[in-house]
Amino acid sequence: MQALTKRSKLVSNKKLSFIEKLYLPAILGGLKITLQHFFKKKVTLKYPEVKREFAPVYRGMHVLKRDEAGRENCTACGLCAVACPAEAITMEAAERMDGEEGLYREEKYAAKYEINMLRCIYCGLCEEACPKDAIYLTDRIVDSEYTREGFIYGKDILVEKVDDRIDITKRKKKKGE
Amino acid sequence: MIAYSILDRDWSFLTDKLILVGILFAVALGIAAYSTLAERKIAAFMQDRIGPDRAGFFGILQPIADGVKSILKEEIIPGRAHKFLFILAPCIFMTVALMTYAIIPWGKDLIINGRKFSLQLADLNVGILYSFAIVSLGVYGIMIGGWASNNKFSLLGAVRASTQMISYELAMGLSLIPIVMMSSSLSLRDITEAQSYWHGMHWNIMLQPLSFIIFFTCALAECNRTPFDLAETESELIGGYHTEYSSMKLALFLFGEYVNIFVSAAVISILFLGGYNFPYMNEMGLSPNWVSILSMGALFAKIFFIIFVFMWIRWTIPRFRYDQLMKLGWQIFIPLCIVNILITGLLITLKIYH
């Protein structure tokens, strides 16, 4: 009969030879293998002290960027919310008042900007949709929370602090390609 | 008159023995405790992991942490269990495991202030018989524990343990007869001394390799170690005889197992690896006390090596099936042992072995 796949193997009921029946050579072979592993380099990382580096394309928690002068980039255009396949992003726009030029880069800004981290699938489409260089995914990890409400991140968490900028050069380079 | 003779006797041997008992007790439990760590470390290393290393440097304090955890855990006795036997079983298991230490010669005699200080609790002239009797008692702990738990899995584990014990005790005893024939004594000290020729390298393993393999395998089976750990298979019997045990009683069972391993390793070292003999022990020109201390070190090195091999085998070989285990014991080992006895007898008659 023709074999159905190329990988099929013929079953052999070959009788074991005397040496094979002794089992001892096989056991010694096994012991040799485990002993080799005994002296091999260990793959375990001692986690809290040593951390495994993220892949350069890793997509974690979002950040809302500021420009060099410390003004928020986001203009609440809503393109990220439209691009989001999980519908995780909601925002409310507001007009910039006089005297707020140091806070927001353009005349319109996001008064409220929320991402539901439980809905988010970390696809990075918001980042691609953004025309203002405002939203990026970083290699930070979203912390665990006790309630579902805790996972709805507002501007207080998402916008980077003026004196504590988040490095997104890795993501930027990828975008430029 | 009788009272006078009792008072008149030299009672110093009693303090000697009591000190030795104390030291041995501490050493035995200490080694058993660190065997648990060694087991986990060896398992980890053979699987390319690091193993426990959080409690102290290299996990040195891990056994203490485990012990404290075991003591503090909730103690559960199943409602339908036979309460007295349930509590008795781990006690029997542990006590019996510790009893074999009495006859093991740990080294040559020490001489302190002109007084001989024997490093053996009791030099029984039927040492091997004693050790066999005690080791076989160990299965009582398992059997009673499994039965008293009133749990099908526990009972199955207990039954397996006892059948395994019966099948392997026989081959174990038979495999030792050539050794006894060659050293013409049942005393462990005499057997050790008989291996001190050839500059301390006249080890029985070289003269009786087949006996060694059979005895070693049987020792694995006696200790309920992989590949013969059918009494406590996690996957089939959820731990076997100690399924229902918790807290310190479980710890006693697991701990007793490591004590057993230590005893088995000691017996194997004495019977086959020359005991406390080490190469050129009498030709080095050291003082007798130094030789005694070194001989003790040699015995412990051998014991640790055997324990390592036990663990090495555990993390290498998968478990035997039950019928394979029975077949190995009854159909392969016992005939081999008998053939071995005949050959040894022939060689002794022809004065090749003596």
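Residue numbering note: each chain is counted from 1, following its sequence as written. Chains and ligands are labelled sequentially in the order written, the chains with letters from A and the ligands with numbers from 1. The predicted nature of this model means local features are confined to residues of pLDDT at least 70 and side-chain atom pairs, given and counted, to a pLDDT of 80 or more, with totals for whole chains, interfaces and linings taken over all residues.

Novice: Go over the overall build of chain B with me, naming the residues and quoting the values.
Specialist: Across its full length, chain B carries 14 helices and 2 strands. Against the compact-globule benchmark of 20 Å for 354 residues, chain B has a radius of gyration of 22 Å, which places it among compact chains. Seen through its principal axes, chain B has C-alpha atoms that stretch 60 × 55 × 50 Å. The buried share of chain B, taken over its 354 residues, is 42%. The contact criterion used is a C-beta to C-beta distance within 7 Å, with each C-beta placed from the backbone. Counting only contacts in chain B whose residues sit at least 6 apart along the sequence, the fraction spanning at least 24 positions is 78%. Labels follow the DSSP assignment, with helices taken as runs of H or I lasting at least four residues and strands as runs of E lasting at least two, numbered in each case from the N terminus. C-alpha atoms define the radius of gyration in this analysis, and the globule rule sets the expected value at 2.2 Å times the number of residues to the power 0.38. Neighbour density around each residue's C-beta defines its exposure: 20 or more other C-beta atoms within 10 Å make it buried, 12 or fewer make it exposed, and counts between make it partly exposed, where C-beta atoms are placed from the backbone.

Novice: Which residues make up the overall build of chain A, and what values do they have?
Specialist: A tally of regular secondary structure across chain A gives 6 helices and 5 strands. Shown N-terminal to C-terminal, the secondary structure of chain A runs as helices and strands in the order α-α-β-α-β-β-α-β-β-α-α. The globule rule puts the C-alpha radius of gyration for 177 residues at 16 Å, and the 28 Å found for chain A is more than 25% above it. Taken over 177 residues, chain A has a buried fraction of 16%. When contacts within chain A are restricted to residue pairs at least 6 apart in sequence, long-range pairs at least 24 apart make up 74% of them.

Novice: Explain the nonpolar core to me, and be specific about the residues and the numbers.
Specialist: By size, the foremost hydrophobic cluster in this structure holds 84 residues, and its most contacted members are Phe93, Phe215, Phe262, Ala265, Ile268 and Leu271 of chain B. By residue number, the principal contributor to this core is helix α12 (residues 247-272) of chain B, which donates 16 residues. Not counting chain neighbours up to four residues away, the residues in contact with Phe215 of chain B comprise Met172, Ser175, Leu176, Ile268, Leu271 and Phe272 of chain B. Core analysis: the second largest hydrophobic core is formed by 21 residues, Cys74, Tyr104, Ala110 and Cys120 of chain A among them. Think of a nonpolar core as buried Ala, Val, Leu, Ile, Met, Phe, Trp, Tyr and Cys residues chained together by C-beta atoms that fall within 7 Å.

Novice: An account of the environment of Thr344 of chain B is requested, with residue identities and associated values reported.
Specialist: Note that Thr344 of chain B resides in helix α14 (residues 322-349). Once the C-alpha coordinates of Thr344 of chain B and Met181 of chain B are considered, the two residues, 163 residues apart in sequence, prove to be 8.0 Å apart.

Novice: Tell me about unusual backbone geometry, residues and numbers included.
Specialist: Its identity is not glycine, yet Tyr122 of chain A carries a phi of approximately 55°, on the positive side. A positive phi angle, near 40°, is found at Ser184 of chain B, a position not held by glycine. Secondary-structure assignment places Ser184 of chain B in the loop between α6 (152-183) and α7 (188-194). Exposure remark for Ser184 of chain B: the 11 C-beta atoms within 10 Å place this residue in the exposed category.

Novice: Account for helix α13 (residues 288-314) of chain B, naming residues and giving values.
Specialist: All names here are of chain B. The span one expects for a helix is its residue count, reduced by one, times 1.5 Å. The first and last C-alpha atoms of α13 sit 39 Å apart over 27 residues, in line with the 39 Å expected at 1.5 Å per residue. Buried residues of α13: Val291, Ser292, Ser295, Ala298, Leu299, Lys302, Ile303, Ile306, Ile307, Phe310, Met311 and Arg314, and no others. Contact partners of the buried residues in α13: α2 (12-46), β1 (110-112), α10 (209-222) and α12.

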